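# Summary of the model geometry
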Amino acid sequence: MRLTKFTDLALRAVMRLAVSEQDEPLTTREVAQAMGVPATHMAKAITRLQHLGVLEARRGRGGGLDLTQLGRHASVGWLVRELEGDGEVVACDGDPPCPLRGACRLRRALRDAQEAFYASLDPLTVADLVASPTGPVLVGLVGRRPE
C-alpha cells in the first residue's frame, strides 16, 4: 500500500502542528517551509484538514493554524482513510475495464489487505506520532527549500 503524496503532506502538517506552541500558531507558509514543500501544495492539504475538523485556521494578526481536539487525538487510521478516500487499490472498472472483473479474486484480496493496513493504523493517534524522538525533531524544523 502506498499513500498519495497529498496524504503524506497532510500527515506531516498535522504532526508539525501537534508540536507547535499554542501562543504562536504557525502559518500555512511556515509549515510548508518547514516541510520543504511549495506553499500552494500545503494550502490544499490544510484546506482538506480544515474540512475534516482536524485544524482551525484564523486570519489576520495573531492568526495561524491550530489543531482541534479531534486533530490531537484522531486515529491515524481514520485520518488516512479520510484523506485517501474510498478508492480501490486496483482499477478494475477503468478504461478499458479488466476482463477478469466478474470472476477475479484479486480485487477482494487487495481490498482486504487495504483494510488491514488501515486497521493497523487505527490504534495510533497523532499524539503517538509526535512522541519522542519525533517531536523534538519536528520542533527544530526550520524553513528549507521546496523539493
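Residues numbered from 1 in each chain as written. Predicted model: local features only at pLDDT ≥ 70, side-chain atom pairs only at ≥ 80, totals over all residues. Heavy atoms only, no water.

## Some words on the overall build of the protein chain
In terms of regular secondary structure, the protein chain is built from eight helices and two strands. Across the protein chain, helices and strands are ordered from the amino to the carboxyl terminus as α-α-α-β-β-α-α-α-α-α. Based on the C-alpha atoms only, the size of the protein chain along its principal axes is roughly 60 × 30 × 25 Å. For the protein chain, with 147 residues in total, the buried portion stands at 34%. Of the contacts made within the protein chain by residues no fewer than 6 positions apart, 70% connect residues no fewer than 24 positions apart. Summed over its atoms, the accessible surface of the protein chain is roughly 9100 Å², and 55% of this surface lies on carbon and sulfur atoms. Here the protein chain carries 19 positive and 18 negative side-chain charges, and the mean point of each set is 5 Å from the other. (Helix = DSSP H or I, 4+ residues; strand = E, 2+ residues; numbered from the N terminus. Buried < 20%, exposed > 50% of the residue type's maximum accessible area, 1.4 Å probe, protein only. Contact = heavy atoms within 4.5 Å. Areas by Shrake-Rupley, 256 points an atom, 1.4 Å probe, with all protein chains shown as cover. Lys, Arg positive; Asp, Glu negative; His and termini not counted. Charge placed at Lys NZ, Arg CZ, Asp CG, Glu CD.)

## Some details on the nonpolar core
Core analysis: the largest hydrophobic core is formed by 33 residues, its most contacted members being Val 31, Met 42, Leu 49 and Leu 79. Contributing elements (two or more residues each) for this core: α1 (5–18), α2 (28–35), α3 (39–51), β2 (64–67), α5 (76–84) and α6 (106–121). By residue number, the principal contributor to this core is α1, which donates eight residues. Each residue touching Leu 49, except ones within four places of it in the same chain, is listed here: Ala 10, Ala 13, Val 14, Val 54, Leu 55, Leu 79 and Leu 83. (Core = buried A, V, L, I, M, F, W, Y, C linked by side-chain atoms within 4.5 Å.)

## What to know about α6
Between its terminal C-alpha atoms α6 stretches 23 Å, which fits the 22 Å expected from 16 residues at 1.5 Å a residue. Turning to α6, its buried residues are Gln 114, Tyr 118 and Leu 121. For α6, the angular spread of the buried residues around the axis is 55 degrees, confining them to a single face. On its buried face, α6 is in contact with α5. (Expected span 1.5 Å × (residues − 1). Arc of directions from axis to C-beta.)

## Observations concerning the environment of Arg 61
Secondary-structure assignment places Arg 61 in the loop between β1 (55–58) and β2. Overall, the relative accessible area of 90% leaves Arg 61 in the exposed class. Taking the C-alpha atoms as reference, Arg 61 lies 58 Å from Leu 100; in sequence the two are 39 residues apart.

## Quick word on α2
If you check which residues of α2 are buried, you get Val 31, Ala 32, Ala 34 and Met 35. Taken around the axis of α2, the buried residues stretch over an arc of 165 degrees, which confines them to a single face. Downstream of α2 by one or two residues, Gly 36 has phi in the positive range, about 70 degrees.

## Focus on the packing of α5 against α6
Packing of α5 against α6 brings their axes to within 6 Å, and their N-to-C directions diverge by 135 degrees. Taken as axis vectors, α5 and α6 run oblique relative to one another. Residue-level contacts link Val 76, Gly 77, Val 80, Arg 81 and Glu 84 of α5 to Glu 115, Tyr 118, Ala 119 and Leu 121 of α6. For the contact of α5 with α6, a count of residues per class yields five nonpolar, one polar and three charged. (Axes fitted to C-alpha atoms, helices over the stretch in contact; angles between N-to-C directions. Parallel < 35°, antiparallel > 145°, perpendicular 65-115°, else oblique. Nonpolar A, V, L, I, M, F, W, Y, C, P; charged D, E, K, R; others polar.)

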